[in-house]
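Tertiary structure, described
For reference, the chains in residue letters:
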Amino acid sequence: QKEVEQNSGPLSVPEGAIASLNCTYSDRGSQSFFWYRQYSGKSPELIMSIYSNGDKEDGRFTAQLNKASQYVSLLIRDSQPSDSATYLCAVNPRRDKIIFGKGTRLHILP
Amino acid sequence: GAVVSQHPSWVICKSGTSVKIECRSLDFQATTMFWYRQFPKQSLMLMATSNEGSKATYEQGVEKDKFLINHASLTLSTLTVTSAHPEDSSFYICSARDGSDEQFFGPGTRLTVL
């Protein structure tokens, strides 16, 4: 089992709709969870961090964490074409390094 | 968020030469920095973890004598690709932690080896 798993996509969502991105992780002791956005040809950009069970909202973005199910998700409301990118889920199971998923490509249809 | 810079943003070199890439944390001190490589349409690959004042920890399969890492200060880590070959052409990205668990990426360096 891979440490951090994401559906590679592409996930196509109409403009204005909600995009839902999912991620599962294998290390039950993980404490820190992150979502990064990466545009083509650019480096990743941190958009959300979440540390406790439940929801965390920041603008149009909501991160959801369920440690019992080892599941973390990212919801993007009112999706815009500028949200089209690859979204990387990252988990910190230990203090030394973050483990990244392979990313989900999101395509917002205008 | 914290700001990380990289220099150069792109470099073209001849096969057999060495290339140095700098990574700087601009507004925070980073005891730990990370170096990644990413080939087109592929996922990030962690190459090594760079710790200030000590030797870097390399991931399995990464040649430490080819990819030299120096983390001489709390704001600067360098990656030197020695005797570069065309297969080393890639997008090299550094990142740094600001004391929390959050990790911030530099803008990346695109290396092309002719």
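Residues numbered from 1 in each chain as written. Chains lettered and ligands numbered in written order. Predicted model: local features only at pLDDT ≥ 70, side-chain atom pairs only at ≥ 80, totals over all residues. Heavy atoms only, no water.

Within chain B one finds 0 helices and 11 strands. From first element to last, N terminus to C terminus, chain B shows the α and β order β-β-β-β-β-β-β-β-β-β-β. Taken along its principal axes, the extent of the C-alpha atoms in chain B is 40 × 25 × 20 Å. Counting all 114 residues of chain B, 50% fall into the buried class. The long-range fraction of contacts in chain B, counting pairs at least 24 apart against all pairs at least 6 apart in sequence, stands at 53%. Accessible area of chain B: about 5,600 Å², with a carbon and sulfur share of 51%. Across chain B, the centroid of the 10 positively charged side chains sits 8 Å from that of the 11 negatively charged ones. (Helix = DSSP H or I, 4+ residues; strand = E, 2+ residues; numbered from the N terminus. Buried < 20%, exposed > 50% of the residue type's maximum accessible area, 1.4 Å probe, protein only. Contact = heavy atoms within 4.5 Å. Areas by Shrake-Rupley, 256 points an atom, 1.4 Å probe, with all protein chains shown as cover. Lys, Arg positive; Asp, Glu negative; His and termini not counted. Charge placed at Lys NZ, Arg CZ, Asp CG, Glu CD.)

Each partner contributes to the interface: chain B provides 21 residues, whereas chain A provides 19 residues. For the pair chain B and chain A, the two sides together bury roughly 1,500 Å², of which 48% comes from carbon and sulfur. The interface formed by chain B and chain A contains 1 salt bridge. With a shortest N-O distance of 3.0 Å, Lys97(A) and Glu59(B) are connected by a salt bridge. Linking chain B to chain A there are 7 residue pairs in polar contact (both at pLDDT 80 or more). (Buried area = accessible area lost by both parts, 1.4 Å probe. Salt bridge = Lys/Arg side-chain N within 4 Å of Asp/Glu carboxyl O. Polar contact = N/O pair within 3.5 Å; in protein donor to acceptor, adjacent residues only side chain to side chain.)

On to the state of the cysteines, then. Taken as a whole, this structure holds 2 disulfides over all chains when the rule is applied. With its sulfur 2.0 Å from that of its partner, Cys23(A) forms a disulfide with Cys89(A). Disulfide Cys23(A)-Cys89(A): torsion about the S-S bond near -70 degrees, hence left-handed. A residue pair is termed long-range when its members are at least 10 positions apart, and Cys23(A) in strand E3 (residues 19-25) and Cys89(A) in strand E9 (residues 85-92) qualify at 66 residues. The buried category is assigned to Cys89(A), whose relative accessible area is 0%. Across the disulfide from Cys23(B) sits Cys94(B); the S-S distance is 2.0 Å. The sign of the 80 degrees torsion about the S-S bond sets the Cys23(B)-Cys94(B) disulfide as right-handed. Placement of Cys23(B) in strand E3 (residues 19-25) and of Cys94(B) in strand E9 (residues 90-97) is noted, with a sequence separation of 71 residues between them. Free cysteine Cys13(B): the closest other cysteine sulfur is in Cys94(B), separated by 18 Å. (Disulfide = S-S within 2.5 Å.)

For soluble globular proteins, nonpolar side chains are generally found buried alongside one another. One finds Tyr36(A), Phe100(A), Tyr36(B) and Leu111(B) to be the most contacted residues of the largest nonpolar core, which totals 40 residues. Counting residues in hydrophobic clusters, the runner-up holds 24 residues, among them Cys23(A), Trp35(A), Ala85(A) and Cys89(A). (Core = buried A, V, L, I, M, F, W, Y, C linked by side-chain atoms within 4.5 Å.)

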